[in-house]
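Secondary and tertiary structure notes
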Amino acid sequence: MSSVSSLSSSSKSSLSASSSSSVSSMSSSKSSSSSNSVSSTSSSSSSRSSSSASSSTSGSVVIAIDANADLHPISPLIYGVAAFSDIASNLKDINAPVNRHGGNAVSLYNWQANASNRGSDWYFESIADGAATQAGSILDIVTANRQAGADSMITLGMTGWVAKVTANRDKTACFSIAKYGTQSGADVNWMPDAGNGVKPDGSLVTGNDPNDCATPATSDTQKGLVQLLTQSFGLGGVRYYLMDNESALWHTTHRSVHPQPATMDEIYGDIVSYGGMVKAVDAQALIVAPEEWGWTNYFDSAKDAALSQWGHGPDRAAHGGMDYMPWLLQSLHNKEQQTGRRLLDVFSLHYYPQGGEYSDDTSTTMQRRRNRSTRSLWDPNYVDETWINNTVRLIPRMKDWVNQNYPGTKIGITEYSWGADTHINGATTQADVLGILGREGANIATRWTIPAAGTPTFKAFQMFRNYDGAKSSFGEQSVRAVVPDPDQLSAFAARRANDGALTIIVINKEFAAQPITLQLTNFVSSNSAVQRWQLTSANQILRLTDVNNSGLQVSDTVPAQSITTYIIH
């Protein structure tokens, strides 16, 4: 098993009804409307959807583009991924600017032994990651990233434990059947003694000795890894250090070593300790945290969540009744004011849609759900259709939390996926997400994981970053693009610096071809020929014949379920 490939969607998309939207602090953000048009409550709503962008009398969908409105830079770091094999070639193919080393297995990565623990993803086994070279797997990843011109994001585990293998580099089991008795599941093919930590009656094995499969570790232990990476690649050679992974799930994912749910104080203290250590070793490195898994634990700590005391648990009460993420930001801000040293540079969360999108389901119903649910990233009027039953508006929400509690901190969505990688619906959804990330002003995003090379979703990245095989890309300055209904067709526009071109990506999510009209404002074209590149269900990126630009508008027909990139000079 790969050190990360066994990460299952069950830890992302099935923590559902028991974590319901009864969190009292969230109720005020609910909306009674989930209409397709965005109200004027958002200052940049016109760049998303509007009734003013409507179909013309000819039946063409009018996409209104104003090259002087809603201008802001698009961070190139939003096109990041998590790649673990054929790293350099895959990153080059999609022109990815950043690669994240993350996932459940790396929480217990032991750099001295070059070993990691799979946690609940694979029978809580500690497994050697290749040869005994210190930090070998990380050194390989960073080297490959640098070959591809990508920044590195490296995870530092903070559970207090790291994986242990035998002197012969054999695997160890956290829940040995020989030691702890018969269990409901075991790794019968590869390590029959490794149990799943669950008794035949369904109760958990408790009281196990973490030393069976792990060894204690502190920030001082991890200091050696940061020193090694700095010695190998220079100051800032590893640009980002992530403060572990999804700590609110440690007591399930890594209950062999951390059976008690983490508290707000524990995670704050860990970030201060480990983040402070990183900054002391490499002042050019940036700290990314808290890498939290999902909706419920944005608001409540693992301690309160384990008690199902949503919005009124004892951990929250001990911290002034504040929501977890705002409290964490505020506390780290206060720490900087006290010490003069910033210990959080990027406020990072993970986000997986909870309606089954993160799967291979490509039924018509699920495809339409994917088409809609990307609105949870931005839309103040979209009420999530799952157990969340709330207006997520994730990117604006994260910005609000930062502005109110730790101004100047960047925001990152460092794990996300809408699934269906091998289907055109997965590609159109991924393209929609990339467009939203840029338009809404996210600073960093890394998809879990990089789609397999050659799949439609892999090519969706190329439509933004390398549509012609020569690393030609979508522009770096976002401009306004208005569509009538983003559930059916979305569009994004940006100015490109190197040639001044207006770049436009149109995503037809529907099952039928659609005539469109690009209505241009405040852009003077120097060439009547408009270049077109297109990805359809045929899974080829094709350069089409140019279409004519009248100076005010461009007319075209986009195929069913397609992504089309327009270049206007």
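Refer to the structure printed above.
Conventions used here
- Residues numbered from 1 in each chain as written.
- Predicted model: local features only at pLDDT ≥ 70, side-chain atom pairs only at ≥ 80, totals over all residues.
- Heavy atoms only, no water.
- Helix = DSSP H or I, 4+ residues; strand = E, 2+ residues; numbered from the N terminus.
- Buried < 20%, exposed > 50% of the residue type's maximum accessible area, 1.4 Å probe, protein only.
- Contact = heavy atoms within 4.5 Å.
- Areas by Shrake-Rupley, 256 points an atom, 1.4 Å probe, with all protein chains shown as cover.
- Expected span 1.5 Å × (residues − 1).
- Polar contact = N/O pair within 3.5 Å; in protein donor to acceptor, adjacent residues only side chain to side chain.
- Phe/Tyr/Trp six-rings, centres within 6.5 Å; stacked < 30°, edge-to-face > 60°.
- Lys NZ or Arg CZ within 6 Å of the ring centre and 35° of its normal.
- Salt bridge = Lys/Arg side-chain N within 4 Å of Asp/Glu carboxyl O.
- Pairing = 2+ DSSP bridges.
- Axes fitted to C-alpha atoms, helices over the stretch in contact; angles between N-to-C directions.
- Left-handed = near helix turned anticlockwise from the far one by under 90°.
- Nonpolar A, V, L, I, M, F, W, Y, C, P; charged D, E, K, R; others polar.
- Core = buried A, V, L, I, M, F, W, Y, C linked by side-chain atoms within 4.5 Å.

1. What to know about the overall build of the protein chain
Along the backbone of the protein chain there are 15 helices and 25 strands. Per-residue burial over the protein chain gives 60% buried out of 569 residues. In the protein chain, once contacts between residues fewer than 6 apart in sequence are set aside, the share between residues at least 24 apart is 72%. Summed over its atoms, the accessible surface of the protein chain is roughly 19,900 Å², and 47% of this surface lies on carbon and sulfur atoms.

2. Some details on helix α5 (residues 219–233)
Between its first and last C-alpha, α5 extends 21 Å over 15 residues, near the 21 Å set by a 1.5 Å rise per residue. Against the buried residues of α5 lie α3 (136–147), β7 (151–156), β8 (161–163), β13 (240–243) and α7 (264–281). Two or three places before Asp220, at the opening of α5, Thr218 has a side-chain oxygen 3.2 Å from that residue's backbone nitrogen. Of the residues flanking the end of α5, it is Gly234, one or two places downstream, whose phi is positive at about 90 degrees.

3. Some words on the packing of aromatic side chains
Counted by the stated rule, this structure contains 14 aromatic pairs. Taking 5.2 Å as the distance between ring centres and 75 degrees as the angle between the ring planes, the aromatic pair formed by Phe464 and Phe474 counts as edge-to-face. Within this pair, whereas Phe464 is found in helix α15 (residues 456–465), its partner Phe474 is found in the loop between α15 and β18 (477–482), the two being separated by 10 residues in sequence. The class for Phe474 is buried, based on a relative accessible area of 6%. A ring pair is formed by Tyr467 and Trp533, whose centres lie 5.3 Å apart and whose planes are at 50 degrees; its orientation type is tilted. Of this pair, Tyr467 sits in the loop between α15 and β18 while Trp533 sits in strand β22 (residues 529–535), placing them 66 residues apart in sequence. For Trp533, a relative accessible area of 12% corresponds to the buried category. Here the aromatic residues Trp295, Tyr298, Phe299, Phe347 and Trp401 are joined through ring pairs into a cluster of three or more. Against the face of Trp378 rests Arg439, its NZ or CZ located 4.7 Å from the ring centre.

4. A look at the pattern of salt bridges
Pairing between side chains of opposite charge can happen when the charged atoms of each approach one another. Within the structure shown, the criterion is met by 21 salt bridges. A salt bridge links Arg100 to Glu291, with the nearest nitrogen and oxygen atoms 3.0 Å apart. Separated by 191 residues along the polypeptide, Arg100 in strand β4 (residues 98–101) and Glu291 in strand β14 (residues 286–292) bring together distant segments of the chain. Glu291 shares its class with Arg100; the two are buried. Residues Glu510 and Arg368 are paired through a salt bridge, measuring 3.0 Å at the closest nitrogen-oxygen approach. Within this pair, whereas Glu510 is found in the loop between β20 (502–508) and β21 (514–521), its partner Arg368 is found in helix α12 (residues 364–373), the two being separated by 142 residues in sequence.

5. Digging into helix α14 (residues 424–440)
Each α-helix turn comprises 3.6 residues. Residues three or four places apart therefore point the same way. Between the first and last C-alpha of α14 there are 24 Å, a value that for 17 residues agrees with the 24 Å anticipated at 1.5 Å per step. Summarising burial for α14: 17 of the 17 residues are buried, a large majority. Phi for Gly441, located one or two positions after α14, is positive at around 85 degrees.

6. Things to note about the sheet that holds strand β6 (residues 125–128)
The strand order across the open sheet built from 3 strands is β5-β6-β9, with neighbouring strands paired in antiparallel fashion. Looking at which strands have only one partner, the edges of the open sheet turn out to be β5 (115–117) and β9 (172–173). Sheet analysis places β5 next to β6, joined by 3 bridges and oriented antiparallel. In the strand pairing of β6, Ser116 is matched with Ile127.

7. What about the packing of helix α11 (residues 324–339) against helix α13 (residues 394–405)?
Following both chains from N to C, one finds α11 and α13 inclined at 35 degrees, their axes separated by 9 Å at the closest point. Note on packing geometry: the crossing formed by α11 with α13 is right-handed. Residues Met325, Pro326, Leu329, Gln330 and His333 of α11 lie in contact with α13, whose contacting residues are Trp401, Val402 and Asn405. Classifying every residue of the contact of α11 with α13 by side-chain character gives 5 nonpolar, 3 polar and no charged.

8. What to know about unusual backbone geometry
Most peptide bonds are trans, and most residues other than glycine sit at a negative phi. A cis amide bond links Ala289 with the next residue in sequence, Pro290, at an omega value of 10 degrees. Topologically, Pro290 is positioned in strand β14. Within the chain, Asp70 stands out as a residue other than glycine whose phi angle is a positive 55 degrees. Classification of Asp70 by relative accessible area gives partly exposed; the value is 24%.

9. Things to note about the pairing of β22
For β22, the buried fraction is high: 5 of the 7 residues fall into the buried class. Sheet analysis places β22 next to strand β23 (residues 541–548), joined by 6 bridges and oriented antiparallel. Bridged to Gln534 within β23 is Leu542. The hairpin formed by β22 and β23 contains 5 residues between the paired strands, and Asn539 there has a positive phi angle of roughly 60 degrees.

10. Observations concerning the nonpolar core
Ranked by internal contacts, the top residues of the largest apolar core, which has 104 residues, are Tyr241, Met243, Phe347, Leu377 and Leu437. When residues in this core are grouped by element, the largest group, 9 residues, is from α7.

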